[in-house]
Amino acid sequence: MKVFCIAEYRFDELNPLSIEILNLANQIKGDGTAEAVVIGKDVGKYAEELVKYADRVWKVEDDALENYTPDLYVDVLLQLVEKENPDLILVGNTSQGSEFAPYLAAKLNAPLATDVVAVDTSDGVKVSRYLMQGKLMVDLKLKSTPCVLTIRQGIFKEGSEVGGEIVDAGIKPSRESKRKFISYIEPEVGEVDITQADIIVSVGRGIEDASNIELAEELAELLGGVVAGSRPVIDNGWLPKDRQVGISGKVVKPKLYLALGISGAFQHVMGMKDSELIIAINKDPEAPIFGVAHYGVVADLFDVVPELIDKLKELKG
Amino acid sequence: MKIIVLAKHAPDPESEISVASDGKSVSQSGLVYDINDWDRYAVEEAIRIKEERDGEVVVVGVGTSCDDTLRKCLAMGADRAIKIPVDTSFDAYQTAEVIKEALKDEEFDIIMAGLMSQDLNNAQVGVLLAAMLDLPVATAVAEMKVEDGKVIAKRELEGGYLEEVELPTPCVLTIQSGINEPRYVSIMGIKRAKSKEMKEVNVSPTISTLEIEKMYLPPVKKAEMIEGDASEIAEKLIAIFKERGLI
Ligand SMILES: Cc1cc2nc3c(=O)[nH]c(=O)nc-3n(C[C@H](O)[C@H](O)[C@H](O)COP(=O)(O)OP(=O)(O)OC[C@H]3O[C@@H](n4cnc5c(N)ncnc54)[C@H](O)[C@@H]3O)c2cc1C
């Protein structure tokens, strides 16, 4: 199989996921090739990094490609795909990748699967992915090639070096971008930096209401920690934005991560899975959070947390 | 300003979930349906823009039983609904295709979709539709401003960063949760919604790009479970905290 891997970078750094998709490509290419594509204005340094893990790296360089726009990425990729006929196009399931990949797939009339966690190419192309926010899995067979897959982060970290060649693709955008990049906006800084905390009491939608945040605050205070939350808690305005743990929030690595009423959606888990000790309290015995937690409690948090608060108070005298 | 909003009648992942006996679909028993969470934000945003700039909000639903969700959107303030009474498969191309066909005679400035559906988590329909219609697209929009002939949108990136972009209209936007606070549906709204138009457009998908081989519960590495009543659980948790030197 000829596998294309579309690389991604931002703020001068290659996204590690670009190496992960090359690792995957090397696993499934058989007697084919794992080829990276890197698009931009000056992409030489990314190509150098990528080529360690690729049989070939295609550089697509042009001034108009300085900032990512989905239409120009798709425009140059279509040209390259037409010339090179890959069987499989792997893209990171990132904010950028999950944006242009469906556009590219539609223009190629190619089967598409997003947020893929396993790929099998022994008999056509089969993939596995989650649905229902992590509660079910599905195996899909893609009916034709080329096909486009976006790959979840953190799954294909292991790989060995290949060492290939860097080739200038000699491809230029054939049009102007309709969408214009204006700027990047940095996250606002709040008074508490959850990334520095040793103990985090994190609340999810299970906390039910803004007024119940107090309960978590009290527990956090007794433990000498801070309160953070999952996305719905932030979306609902129950905690400030800089307390969000997860892929679009912060990555934390405390000594203790106490997850209260959090289901364990992948976007949340990516932000806390490397915590030293994870304890989850959730009413639902099937909640995916129990797959990442070290200790789990199937219970109503409104029963357990007040008990915990009382006992900690006793202990502290 | 005419805005089309795609709203899916979708099962809540928090309802009781199991695999149907065919091993290839989700069992319908125990599923609780509602408007897809991300679409609620899209409907709200469209209505706010209409309230500010005038115009029309048209909500589009795909599925034989999506009436409740469409009525809910009408009650929130959408002007009319288009129902495409066909149950498309897992293949998002099919959903995008029937929507494209149903919108053939509509002129619009913006199409808004939720970033993804809460059941399939594909995040594909909005972008596929944009590509099929050859329109510019922005996904995961967390903030937006409409001006004459253009939209300024802030897209959500990883790690709390945003990317500000400008798109000409017509364009397609997929909306990220938290962009606004969706309004509750009032009794008045529900009453008013009854008289609003819900047009059925019959189209069937022709595309088929993938096949479901099997559906199953994911294998999970299980946490060590702590049992007992609330007081015992609290004791055991404190013992763990002590052992780890956390307190
Ligand atoms: C592009 C993108 C980026 C995202 N980024 C993030 C991110 O950075 N961070 C993030 O968290 N999410 C993120 N999400 C959202 C994510 O997919 C989930 O929707 C979210 O994490 C769910 O939060 P939750 O677990 O609090 O809520 P839910 O999934 O609703 O879960 C609530 C849980 O609480 C339990 N519960 C309810 N009541 C009680 C009770 N009384 N006692 C005990 N348990 C109870 C329920 O059993 C359930 O498991 C993102 C999504 C997308 C698409």
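The coordinates are above.
First things first, this report covers the structure right here in the doc. All figures in this text were calculated on a predicted structure; none of them were measured in a lab.

Criteria and cut-off values
Residues numbered from 1 in each chain as written. Chains lettered and ligands numbered in written order. Predicted model: local features only at pLDDT ≥ 70, side-chain atom pairs only at ≥ 80, totals over all residues. Heavy atoms only, no water. Helix = DSSP H or I, 4+ residues; strand = E, 2+ residues; numbered from the N terminus. Buried < 20%, exposed > 50% of the residue type's maximum accessible area, 1.4 Å probe, protein only. Polar contact = N/O pair within 3.5 Å; in protein donor to acceptor, adjacent residues only side chain to side chain. Contact = heavy atoms within 4.5 Å. Salt bridge = Lys/Arg side-chain N within 4 Å of Asp/Glu carboxyl O. Pairing = 2+ DSSP bridges. Axes fitted to C-alpha atoms, helices over the stretch in contact; angles between N-to-C directions. Near = heavy atom within 4 Å. Areas by Shrake-Rupley, 256 points an atom, 1.4 Å probe, with all protein chains shown as cover. Nonpolar A, V, L, I, M, F, W, Y, C, P; charged D, E, K, R; others polar. Expected span 1.5 Å × (residues − 1). Buried area = accessible area lost by both parts, 1.4 Å probe.

With that settled, the discussion passes to the side chain of Ser-275 of chain A. Residues and elements named next belong to chain A. Note on placement: Ser-275 falls in the loop between α7 (266-269) and β16 (277-282). For Ser-275, a relative accessible area of 4% gives the class buried. A distance of 2.7 Å separates the side chain of Ser-275 from the backbone oxygen of Met-272, its partner in a polar contact. Each residue touching Ser-275, except ones within four places of it in the same chain, is listed here: Val-252, Lys-253, Pro-254, Tyr-257 and His-294.

Moving on, we come to the pattern of salt bridges. Enumeration according to the criterion identifies 44 salt bridges over all chains in this entry. Residue Glu-156 of chain B pairs with Arg-231 of chain A through a salt bridge whose shortest N-O separation is 2.8 Å. A residue pair is termed interchain when its members come from two chains, as with Glu-156 of chain B in strand β8 (residues 150-156) and Arg-231 of chain A in helix α6 (residues 231-235). The exposure class assigned to Glu-156 of chain B is buried, which follows from its relative accessible area of 9%. Residue classification places Arg-231 of chain A among the buried residues on the basis of a relative accessible area of 16%. Lys-2 of chain B is the partner of Glu-106 of chain B in a salt bridge, and the nearest nitrogen-oxygen pair spans 2.6 Å.

This next bit is on the sheet that holds strand β9 (residues 162-168) of chain B. With mixed pairing, the 10 strands of this open sheet are ordered in space as β12(A)-β9(B)-β8(B)-β7(B)-β10(B)-β6(B)-β1(B)-β4(B)-β5(B)-β11(B). Of all the strands in the sheet, the pair left with one neighbour each is β12 (180-185) of chain A together with β11 (197-200) of chain B. Taking each pair of neighbouring strands and ignoring which way they run, the sheet shows an average axis angle of 30 degrees. Judged from the 5 bridges that link them, strand β1 (residues 2-6) of chain B and strand β4 (residues 56-62) of chain B form a sheet pairing that is parallel. By the bridge assignment, Ile-3 of chain B is partnered in β4 of chain B with Val-57 of chain B.

Quick look at the sheet that holds strand β17 (residues 295-298) of chain A now. The strand order β14(A)-β13(A)-β15(A)-β16(A)-β17(A)-β13(B) describes an open sheet built from 6 strands, whose pairing is parallel. Since the sheet does not close on itself, it has two edges, and those belong to β14 (226-229) of chain A together with β13 (224-225) of chain B, each with one partner. Across the sheet, helix α5 (residues 213-223) of chain A is in contact with β13 (199-203), β14 and β15 (256-260) of chain A; its angle to β13 of chain A comes to roughly 170 degrees.

So, about the site of the ligand. Residues and elements named next belong to chain A. Neighbouring the ligand are 31 residues; Arg-205, Ser-230, Ser-248, Ser-263 and Asn-282 lie closest to it. Within the backbone of Arg-205, an N or O atom sits 2.7 Å from an oxygen atom of the ligand. Relative to its unbound accessible area of 980 Å², the ligand is 91% covered by the protein chains. Elements with a contribution of two residues or more to the shell around the ligand: α6, α7 and α8 (301-316). Grouping the constituent residues of the shell around the ligand by class yields 11 nonpolar, 14 polar and 6 charged.

Below, the discussion takes up helix α1 (residues 16-28) of chain A. Residues and elements named next belong to chain A. An ideal rise of 1.5 Å per residue puts 18 Å on 13 residues; α1 measures up with 19 Å between its terminal C-alpha atoms. The buried fraction of α1 is high, at 11 of 13 residues. If you check which residues of α1 are buried, you get Leu-17, Ser-18, Ile-19, Glu-20, Ile-21, Leu-22, Asn-23, Leu-24, Ala-25, Asn-26 and Ile-28. Here α1 starts with a cap whose side-chain oxygen sits 2.9 Å from the backbone nitrogen of Leu-17, and that cap is Asn-15. Gly-30, located one to two residues past α1, shows a positive phi value of around 60 degrees.

Moving on, we come to the interface of chain B and chain A. Taken together, the contact between chain B and chain A spans 81 residues of the former and 82 residues of the latter. For the pair chain B and chain A, the two sides together bury roughly 7400 Å², of which 60% comes from carbon and sulfur. At the junction of chain B and chain A, the tally comes to 8 salt bridges. The partner of Glu-235 of chain B in a salt bridge is Lys-311 of chain A, and the shortest N-O contact between them spans 4.0 Å. Summed over the shared surface of chain B and chain A, the number is 45 residue pairs in polar contact (both at pLDDT 80 or more). Contributing elements (two or more residues each) for the side of chain B that touches chain A: α1 (37-53), α4 (125-133), β7 (137-147), β8, β9, β12 (210-216), β13 and α6 (230-243) of chain B. At 10 residues, the largest contribution of residues to the side of chain B that touches chain A is made by α6 of chain B.

This part covers the pairing of β13 of chain A. All names here are of chain A. In terms of residue burial, β13 counts as a mostly covered element, since 5 of its 5 residues are buried. What you see with β13 is no split at all: Ile-199, Val-201 and Val-203 on one side and Ile-200 and Ser-202 on the other are buried throughout. Summarising the sheet, β13 and β15 pair through 5 bridges and their orientation is parallel. Across the sheet, Ile-199 pairs through a bridge with Leu-256, a residue of β15. Pairing of β13 with β14, which is carried by 4 bridges, proceeds in the parallel orientation. Bridging across to β14, Ile-200 finds its partner in Val-226.

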